[in-house]
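Observations on the model geometry
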Amino acid sequence: MESIKDKVAIVGMGCSKFGERWDASIDDLVIESAYEAYEDAGIDPKDIQACWYGTVTQPLIGDGATHLARPLKLHGIPMTRVEAWCITGHEALRNACFAVACGMYDLVLVLGAEKLKDTGFPGLGAGRGMSPVLEARRTAPGSFGMIATRYFYTYGLGPEEGKRTIGKIAVKNHYNGSMCPKAHFRNKVTLEQVLKAPIIAWPLGLFDCCGNSDGSAAAIIVPAKDARKYRDDPIYIKGIGSAHVALLPQNCPSFDWLHFEEVINSAHQAYEQAGITNPREQIDVAVVHDCFTSTEMLLYEMLGFSPEGKAKEDIDSGFFELTGGLPVNSDGGLKCFGHPVGASGIRMTYEIYKQLQGKAQLPERQLKDVRLGLSNTFGGPPQVSAVAVLGKEPGYP
Amino acid sequence: MAGIISYGAYIPLWRLSRDAIAEAWGSGSTGGERSVANNDEDVVTMAVEAAFDCLNGVGRENVDGLYFASTTPPFKEKECSTLVATATDLKPEIVTADYGNSLRAGTAAFRAALDAVVGGSARSVLVTASDCRLGYPRSNYEQSFGDAAAAFLIGNTTKPAVIIEGSYSISNELYDVWRLDKDTYVQSWEDRFIIEHGYTENMEKAISGLMKKKGLSPKDITKAILYAPTARAQQGLARRLGFDAKTQLQDPLISNIGVSGCAHALLMLVAALEEANPGDKLLLASYGSGADAFLLQVTDEIEKINEGRRGVKGFLSSKKALPSYTRYLSYKGLLEPQPGEPFRLFPAATTSWRERDWAIRMHASKCRNCGLTTFPIERVCYSCRSKDNYEEVRLSDKKAKVFTYTLDNLAGRSDDPTIPQTEVAFEFGDVRTYILMTDCEPKEVSIGMPVEMTFRRMYEGAGMYNYFWKCRPIR
């Protein structure tokens, strides 16, 4: 198998303001991110040769990508709608990158969008999954709450200690998000506030859960050899991994709830393509799937940032804070952006893109000496994961 | 010899003190407590519970029929007995029938099973009776009714636990207690009339008729199991028949359960058999639009059957207090709770039918090649990828332990806002599944907690009631 490393580059990106966009339709959201990306890449919409569109809920059935074609007036080009639960945005990006890498297209648009705030309820809702009876009342916080409970039990964290540990992730992400103008939530929170918040699905409280937002993000992908025609600081794809697993985690015989194979495999693929052997040392910034604080904690271990069972030590030492050894969710993550499902993977990649270019919005958030960044989505029941590694210099690492 | 091979009972976990009802209305309390089915239970799920209790340690291969009796079935058109039989995991090649409309429906099914095994059309028939009747708020019936189910396996064998020696029936046309097709609550005529000319007169006729037919006098009977709407009516009847109320009368189970409709006479029979000795002669009588009386002879086999059954005794002692009368009203659907998150995945008759083996029978697939067992059924093995090379194994009677859990505040409804969602590890293969926990105090859930499976009504969707399995702390 060949590697995607340094074969394609991102030359423009856009990201809408995330939040409760009561006044914005899905059309308004996609126009917002697409036109920022066009401008960033310095292209005209007629330059787009193909498009990959990631969305989960819009509409439910039978629309292809026509509801992206219409607001953007994309005529007569191939367009693909992608859906893969929480990794939808990454999947759109991955498919677009490989299509460009094979030489078929010279310039493509990747766009992810979701309009969640027209549903009338605050979360993603109950009754996820395949069967009306088996999972009639399963919720997203419930599913990830079960991960937290098992993690605490396995590593001997008492309920209070466990809650404090994941609570620190909420405090960190809110601090980071407070400096991110496009974030949904820009309020700092204290650990005490986090611990006293109402319980959503024990042990997860309100601040352990990400918000529900509307949002959209877009990227323009070109062959690496053409990248400098568009800009001086293109960002190169170093690796993109993605994995599904066959069974719902709850139905896997003997599953331990701490080693989600989809995450481990998707990271392995991306690291192998990029040539990363020690992610803790080599990755300079990461934006990972903090749908719940417990998810981020477990991802530290599954992505190879922390040794198994040692996430707590890194959390306590501030290793993942902006000033730490490996800043994670430097933009506030899903905690502050919310999770408009189809947009999230591309929004995360937008933050990595900006950090690598040294153009993070609000300079106080800009990290020093960033050469490699990682974005990750992980979700569904959970059953799917994607990892993208990006860098600013061809040939590195 | 035709008789009882096994018995089972079910009493819901929740009990409401009659003082709490009286307090809510500022009325008098008759004392004690009544059983209350949970908001995910109905007469079908309760019958399944009683059937599992009855079949514990008994093979299903000789069960050729299942009868279900209730005056409060969830369907006006659609058989309940097929659903009970499927959830109980009986083979499809059986006779099923529903009995209803009368408080005697339980003993009607009991008699029909007896006739079937005597006539030779079935080797054994599982009889289930289950009721959740509603008395008008503040009425005496609201206090005196209870929810429960009973099950009997009736067979023709050389060694039944109880031989059914004879029976006698009376049919009587009378408006004493009734519900019209549109009624929610039980209506009744004046108490003095219906006890005297309904209950007492008909029970007396049926019992005297049976005693005369069999040449027996009251002293020949070890225990008289007399269904009764009140303890007082039972004692009055016993006096007129010449039974000694202190020694010969089976407790009417009103003070601690409440009158459980057409299941009640059979529930009392279960309680009587739990205390019976070989050689005892029992008289069973039930009432409703007439009366049925049966003469029963207990054999040595009773001692074997009494082991491994929860019965009335077991389920009576396993209980939790319903916190309030309001909760009772909401569990009964008389106060509408604010619904939780809407159900988005609607069932379809086609999918429910295709998935019945795992969804209703709770079968897992065990790979014949590598032995891995998964639930729900997987055609292609998760481990070795063999295709269609599995046997189905029943999980519904297997114990499990909580592997991990969450206490979910989004999944519930306003009368039960916190839903424990659990991942359980079965003590069987390496089977795991995600399953809701019911009949529990959420704060008591912990990793390692032993649980058992229970068949429940999940929700109404697409115009159908949809049933599935939950787990509960072992009762």
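Residues numbered from 1 in each chain as written. Chains lettered and ligands numbered in written order. Predicted model: local features only at pLDDT ≥ 70, side-chain atom pairs only at ≥ 80, totals over all residues. Heavy atoms only, no water.

A word on the interface of chain A and chain B
With 40 residues of chain A at the interface, the matching set in chain B holds 41 residues. For the pair chain A and chain B, the summed buried area comes to about 3500 Å², and 63% of that belongs to carbon and sulfur atoms. Among the residues of chain A in contact with chain B, A:V133, A:L134 and A:R137 are the three that bury the most area, contributing 22% of the side total. Run the count over chain A and chain B and you get 0 salt bridges. (Contact = heavy atoms within 4.5 Å. Buried area = accessible area lost by both parts, 1.4 Å probe. Salt bridge = Lys/Arg side-chain N within 4 Å of Asp/Glu carboxyl O.)

Concerning helix α7 (residues 231–241) of chain B
All names here are of chain B. Buried within α7 are the following residues: A233, Q234, G236, L237, A238 and L241. Residues of α7 that are buried sit in contact with α6 (191–214), β11 (223–226) and α8 (264–275). Positive phi shows up at G242, right after α7, with a value of about 85°. (Buried < 20%, exposed > 50% of the residue type's maximum accessible area, 1.4 Å probe, protein only. Helix = DSSP H or I, 4+ residues; strand = E, 2+ residues; numbered from the N terminus.)

What to know about the domain arrangement of chain B
All names here are of chain B. Here chain B is described as being made up of domain 1 (2–331) and domain 2 (349–473). Computed over C-alpha atoms only, the centres of domain 1 and domain 2 are separated by 31 Å. Counting from both sides, the interface comprises 29 residues of domain 1 and, opposite them, 24 residues of domain 2. When domain 1 packs against domain 2, the two sides together hide about 2300 Å² of surface, and 44% of this comes from carbon and sulfur. A per-residue breakdown of the area domain 1 buries against domain 2 is headed by D40, T86 and D89, which together make up 23% of the total. (Domains from an automatic or database assignment.)

Regarding the sheet that holds strand β8 (residues 235–244) of chain A
Residues and elements named next belong to chain A. With mixed pairing, 9 strands are arranged side by side in an open sheet as β3-β2-β4-β7-β1-β8-β11-β10-β9. At either margin of the open sheet sits one strand with a lone partner, and together these are β3 (79–82) and β9 (285–287). Direction aside, neighbouring strands of the sheet carry axes that sit 25° apart on average. Two elements, strand β10 (residues 372–379) and strand β11 (residues 384–391), share 8 bridges in a ladder whose sense is antiparallel. Note that in β11 the partner of F378 across the bridge is S385. Against the sheet, helix α1 (residues 26–41) engages β1 (8–15), β2 (50–54), β4 (108–114) and β7 (215–223), with an angle of about 130° to β1. (Pairing = 2+ DSSP bridges. Axes fitted to C-alpha atoms, helices over the stretch in contact; angles between N-to-C directions.)

Details of the sheet that holds strand β2 (residues 14–17) of chain B
Residue and element names in this part refer to chain B. Here 3 strands make up an open sheet; going across it, the order is β3-β2-β14 and the pairing mixed. Here the strands that pair on one side only, and so sit at the sheet edges, are β3 (33–36) and β14 (320–321). By the bridge criterion, 4 bridges tie β2 to β3 in an arrangement that is antiparallel. Considered in β3, the bridge of S17 is made with E33. Across the sheet, helix α1 (residues 18–25) touches β2 and β3, and the angle it forms with β2 is around 50°.

Section: the environment of B:G198
Residue and element names in this part refer to chain B. Here G198 shows up in helix α6. Taking relative accessible area as the criterion, G198 reaches 0% and is therefore assigned buried. Along the backbone, G198 and F145 are 53 residues apart, and their C-alpha atoms lie at a distance of 18 Å. If near-sequence neighbours (up to four positions away) are discounted, G198 is found in contact with L174, F193 and Y287.

Some remarks on unusual backbone geometry
Cis geometry is found at the peptide bond from A:Y396 to A:P397, where omega equals -5°. Here A:P397 is to be found in the segment after β11. Across the junction of B:F375 and B:P376, the peptide omega takes the value -5°, indicating a cis bond. Following the sequence through the fold, B:P376 ends up in the loop between β16 (373–374) and β17 (390–394). Phi is positive for A:S254, close to 65°, though the residue is something other than glycine. Relative to the elements of secondary structure, A:S254 occurs in the loop between β8 and α8 (261–274). We classify A:S254 as partly exposed; its relative accessible area is 42%. Unlike most non-glycine residues, A:L362 shows phi in positive territory, near 70°. Looking at where A:L362 falls in the secondary structure, it is placed in the loop between α13 (341–357) and β10.

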